[in-house]
Amino acid sequence: MTTVIELTIASNYVKDYKAGYPLIKKDFIKNTNVLKNEGSIVHLVDQNRNFIAKGYYGNQNKGLGWVLTKNKAEAIDYSFFKSRIKEAMDSRIALYQSADTTGFRVFNGEGDGIGGLTIDYFAGYYLINWYSEGIYTFKDSVIRVLDELCEYRAIYEKKRFDTKGQYIDDDDFVKGTRGEFPIIIKENGMNYAVYLNDGAMVGVFLDQRQVRKAIRDKYSEGKNVLNTFSYTGAFSVAAALGGAAKTTNVDLAKRSQSKTIEQFSVNGIDYEQQDIKVMDVFEYFKYAKRKELKFDLVILDPPSFARSKKHTFSTAKDYSGLIKDTIAITEKNGVIVASTNNASFGMKKFKGFIEKAFKETQTNYRVLEEFNLPSDFKTHAHFPQSNYLKVVIVEKK
Ligand code: SAH
């Protein structure tokens, strides 16, 4: 029998782990020096070596691993993975049965009971994201579960655990019949082109599903739309299908141009009627001001942190400034969709950034709607950071 590795919880945090806190955090553990091999099973214990919880060692920038069970008798084996993944799949049954939506999250890390692991479904294909070498040691069990529980064309994976916690660019194919990419998924009837074997990002962020639907159904008809940090233009597809007069897409990455053309094309939208600019958003704001351009709907969905040649942007520090720039080019009664995926602050603070920007520009506004993650991105009740997405839709008065 292998000896169990015991991690002693610092006394202040015992109550948190007892309550269900899932992350094995360096600062909360007294003897991290006993950790050797990623994937090892660890027991979290108090000062008196009383068992509190069981988890695995897997290094991520967030922490050293995740709690998996509070039941000492439960083994972390094939049956464990099967029970958690089956439960997650059962709770997504409505999405599996939907003909309108064929891309969604099947398993969402700690929210579904196993931190460091996510599984997405894309029209017959599964994509597994491994966030540490530790969780990757359980690969055989996870694949066996998928083999047993589902039918699929192929399984792909992203290993997101190089030294900086970044994606390792590999052949991402695991098994099945290789896909011919792009594959086309549906989301509330809209089409999105998806690539599972071409870098860390696949072409569409599934967590924004509700926001894309709202943009299409409520905010786009006849509107002149600006989509900043537009990536493949997923929000603009929704806007165009919702009857937007025109969309302008701005992203720094050269590839965004062909990718955006492709997303429009797979939806039968004439991309030549749209504007697709490869450009720094902050330069675009200056250009738009100079040209006195104004928009009815502006979408802001920046990365948490971005550095371009001229500009460093951090959502935690600079979001108010971004909203101020936006207010200047938004029509009266125009709408701003402000989004962030920065887990380091919550909704209240985010709305504070918006409030500050309107106050400092002496502009009135009204909050129309707020969004968090959709239910397939299941969050963890004792881990607020898992509820990372915040979207606020406001009207400029
Ligand atoms: N809103 C997109 C996702 C954005 S991902 C969607 O819904 O699909 C972040 C994007 O911001 C990336 O495509 C990146 O190229 C772009 N980006 C980062 N910094 C930028 C900058 N300063 N100006 C323009 N685009 C930028």
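Bear in mind the structure is a predicted one, so any value in this text is a computation, not a measurement.

(A) Structural detail: the site of the ligand. Around the ligand there are 14 residues in total, and Phe229, Asp251, Leu252, Val281 and Asp301 lie nearest to it. One of the side-chain nitrogen or oxygen atoms of Asp280 is found 3.3 Å away from a nitrogen atom of the ligand. At 2.9 Å from a nitrogen atom of the ligand is found a main-chain nitrogen or oxygen belonging to Val281. Taken together, the residues of the shell around the ligand sort by class into 11 nonpolar, no polar and 3 charged.

(B) Expanded view of the environment of Gly199. With respect to the element layout, Gly199 can be found in the loop between strand S11 (190-194) and helix H6 (209-219). The spatial distance from the C-alpha of Gly199 to the C-alpha of Gly55 is 30 Å, given a sequence separation of 144 residues. For Gly199, the contacting residues outside a window of four places in its chain are Lys158, Tyr167 and Asp172.

(C) Highlighting the packing of helix H2 (residues 78-91) against helix H5 (residues 139-149). Between H2 and H5, the shortest axis-to-axis distance is 9 Å and the interhelical angle comes to 50°. In terms of orientation, H2 and H5 fall into the oblique class. As H2 runs across H5, the sense of the crossing is right-handed. Contacts between H2 and H5 pair Tyr78, Phe81, Lys82, Ile85, Lys86 and Met89 from the former with Ser141, Val142, Arg144, Val145, Leu146, Glu148 and Leu149 from the latter. When its residues are assigned to classes, the contact of H2 with H5 shows 8 nonpolar, 1 polar and 4 charged.

(D) Main features of helix H11 (residues 347-360). Along its 14 residues, H11 runs 20 Å from first to last C-alpha, staying within 8% of the 20 Å computed at 1.5 Å per residue. Among the residues of H11, those classed as buried are Met347, Phe350, Phe353, Ile354, Ala357 and Phe358. When H11 is viewed along its axis, its buried side chains cluster within an angular range of 130° and face the same direction. Across from the buried face of H11, at angles greater than 90 degrees, the exposed residues are Lys348 and Lys359. Each element contacted by the buried residues of H11 is listed here: helix H10 (315-328), strand S18 (330-340), strand S19 (365-371) and strand S20 (390-396).

(E) View of the pairing of strand S13 (residues 246-251). S13 sits mainly inside the fold: 5 of its 6 residues count as buried. Bridge analysis of strand S12 (residues 224-228) against S13 gives 5 bridges, and the strand direction is parallel. Considered in S13, the bridge of Thr228 is made with Val250. With 4 bridges connecting them, S13 and strand S14 (residues 275-278) associate as parallel partners. Looking across to S14, one finds that Asp251 is bridged to Val278. Regarding topology, helix H8 (residues 255-265) serves as the crossover connection from S13 to the parallel S14, and that connection is right-handed.

(F) Layout of the domain arrangement of the chain. In terms of domain boundaries, the chain breaks down into domain 1 (4-69), domain 2 (78-188) and domain 3 (205-396). Taking the mean C-alpha position of each, domain 1 and domain 2 sit 26 Å from one another. Across the contact, 12 residues belong to domain 1 and 14 residues belong to domain 2. For domain 1, the biggest contributors to the area lost against domain 2 are Glu38, Tyr56 and Leu68; these three give 47% of the whole. Applying the counting rule to domain 1 against domain 2 returns 3 residue pairs in polar contact (both at pLDDT 80 or more). Elements represented by at least two residues in the side of domain 1 that touches domain 2 include exactly strand S3 (51-57) and strand S4 (65-69). Of the residues forming the side of domain 1 that touches domain 2, the biggest block, 4 residues, is contributed by S4. Looking at the side of domain 1 that touches domain 2 residue by residue, the classes come out as 6 nonpolar, 5 polar and 1 charged.

(G) Spotlight on the sheet that holds S19. Sheet architecture is open: 7 strands sit in the order S14-S13-S12-S15-S18-S20-S19, paired in mixed fashion. Unpaired on one side and paired on the other, S14 and S19 mark the two borders of the sheet. For this sheet, the mean angle separating the axes of adjacent strands, direction not counted, is 15°. Each of S12, S13 and strand S15 (295-300) touches helix H7 (residues 234-241); the most contacted strand, S13, lies at about 175° to it. Against the sheet, H11 touches S18, S19 and S20, its axis set at about 25° to S20.

(H) Examining the pattern of salt bridges more closely. What the rule picks out here adds up to 25 salt bridges. Between Asp90 and Lys86 there is a salt bridge, with its nearest N and O atoms 2.9 Å apart. With Asp90 and Lys86 both in helix H2 and 4 residues apart, this pair spans about one turn of that helix. For Asp198, the salt bridge identified is with Arg255, shortest N-O distance 2.6 Å. Taken together, the residues Asp198 in the loop between S11 and H6 and Arg255 in helix H8 connect sequence positions 57 residues apart. Taken together, the shared-partner salt bridges in this structure form one network comprising Asp198, Arg255 and Lys259.

Conventions adopted
- Residues numbered from 1 in each chain as written.
- Predicted model: local features only at pLDDT ≥ 70, side-chain atom pairs only at ≥ 80, totals over all residues.
- Heavy atoms only, no water.
- Near = heavy atom within 4 Å.
- Polar contact = N/O pair within 3.5 Å; in protein donor to acceptor, adjacent residues only side chain to side chain.
- Nonpolar A, V, L, I, M, F, W, Y, C, P; charged D, E, K, R; others polar.
- Helix = DSSP H or I, 4+ residues; strand = E, 2+ residues; numbered from the N terminus.
- Contact = heavy atoms within 4.5 Å.
- Axes fitted to C-alpha atoms, helices over the stretch in contact; angles between N-to-C directions.
- Parallel < 35°, antiparallel > 145°, perpendicular 65-115°, else oblique.
- Left-handed = near helix turned anticlockwise from the far one by under 90°.
- Expected span 1.5 Å × (residues − 1).
- Buried < 20%, exposed > 50% of the residue type's maximum accessible area, 1.4 Å probe, protein only.
- Arc of directions from axis to C-beta.
- Pairing = 2+ DSSP bridges.
- Right-handed = clockwise from strand over helix to strand, strands pointing away.
- Domains from an automatic or database assignment.
- Buried area = accessible area lost by both parts, 1.4 Å probe.
- Salt bridge = Lys/Arg side-chain N within 4 Å of Asp/Glu carboxyl O.

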